[in-house]
Amino acid sequence: VQLQASGGGLVQAGGSLRLSCVVSGRVFSIPSMGWYRQAPGKQRVLVATVSSGGSTNYGDSVKGRFTVSRDNAENTVYLQMNGLKPEDTAVYYCYARPWINQITMRDYWGRGTLVTVSS
């Protein structure tokens, strides 16, 4: 199973970016997908997750600005980031928790994509 993220880059404060992450490989279904981020010198923290049924969960710092969504048919998760702030600067990691067989669920991480917000 591999996760390939795209869409990071440099943006000015107040701007927008959209991240995408495709999960490839043999999976039965993916109950949970989403995004975490890690700023320099800090721990990795939750940005947002979305279930296969569409239920979402957001970190407090991004509520009202970021929107997570997914395409179940394409095993793809998206993160629309609006109203970006310099403190959103971080490496963003795609996350997925798929069933890899009938009895095993496992966590997978993408390599990360850098988002830099200039003031």
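Preceding this paragraph is the structure being described.
Note that the structure is a prediction, hence the values are computed from the model and not measured.

The tally for this structure, following the rule as stated, stands at one disulfide. At a sulfur-sulfur separation of 1.9 Å, the disulfide partner of Cys 21 is Cys 94. Because the torsion about its S-S bond is -90°, the bridge between Cys 21 and Cys 94 counts as left-handed. Here Cys 21 is found in strand S3 (residues 17-24), whereas its partner Cys 94 is found in strand S9 (residues 90-99), with 73 residues between them in sequence.

A separate point is the environment of Asp 107. Following the sequence through the fold, Asp 107 ends up in the loop between S9 and strand S10 (108-109). You can call Asp 107 partly exposed: its relative accessible area is 37%. With 106 residues separating them along the chain, Asp 107 and Val 1 place their C-alpha atoms 10.0 Å apart. Contact partners of Asp 107, with chain neighbours within four places excluded, come to Tyr 95, Ala 96 and Arg 97. Engagement of the side chain of Asp 107 in a polar contact is seen with the side chain of Tyr 95, the distance being 3.3 Å.

What follows is about the pattern of salt bridges. Under the defined criterion, the tally for this structure stands at four salt bridges. The salt bridge involving Arg 37 is made with Asp 88; its shortest N-O contact spans 2.9 Å. You can see Arg 37 sitting in strand S4 (residues 29-38) and its partner Asp 88 sitting in the loop between strand S8 (76-81) and S9, a full 51 residues away along the chain. Of the two residues, Arg 37 and Asp 88, both sit in the buried class.

Right, let's talk about the pairing of S8 for a bit. Counting buried positions over the six residues of S8 gives five, a clear majority of the element. Inspection of the sheet shows S3 paired to S8 by six bridges, in the antiparallel sense. Bridging across to S8, Leu 19 finds its partner in Leu 79. With six bridges connecting them, strand S7 (residues 66-71) and S8 associate as antiparallel partners. Its bridge partner being in S8, Phe 66 is matched across the sheet by Met 81. Between the antiparallel neighbours S7 and S8 lie four residues, among them Asn 75 with a positive phi of about 50°.

With seven of ten residues buried, S9 lies mostly within the body of the structure. As paired elements, S4 and S9 share eight bridges and run antiparallel to each other. When the bridges of S9 are listed, Arg 37 appears paired with Tyr 92. Where S9 lies against S10, two bridges are found, and the strand directions are antiparallel. Bridge assignment links Tyr 95 to a residue of S10, and that residue is Trp 109.

What counts, and where the lines are drawn
- Residues numbered from 1 in each chain as written.
- Predicted model: local features only at pLDDT ≥ 70, side-chain atom pairs only at ≥ 80, totals over all residues.
- Heavy atoms only, no water.
- Disulfide = S-S within 2.5 Å.
- Helix = DSSP H or I, 4+ residues; strand = E, 2+ residues; numbered from the N terminus.
- Buried < 20%, exposed > 50% of the residue type's maximum accessible area, 1.4 Å probe, protein only.
- Contact = heavy atoms within 4.5 Å.
- Polar contact = N/O pair within 3.5 Å; in protein donor to acceptor, adjacent residues only side chain to side chain.
- Salt bridge = Lys/Arg side-chain N within 4 Å of Asp/Glu carboxyl O.
- Pairing = 2+ DSSP bridges.

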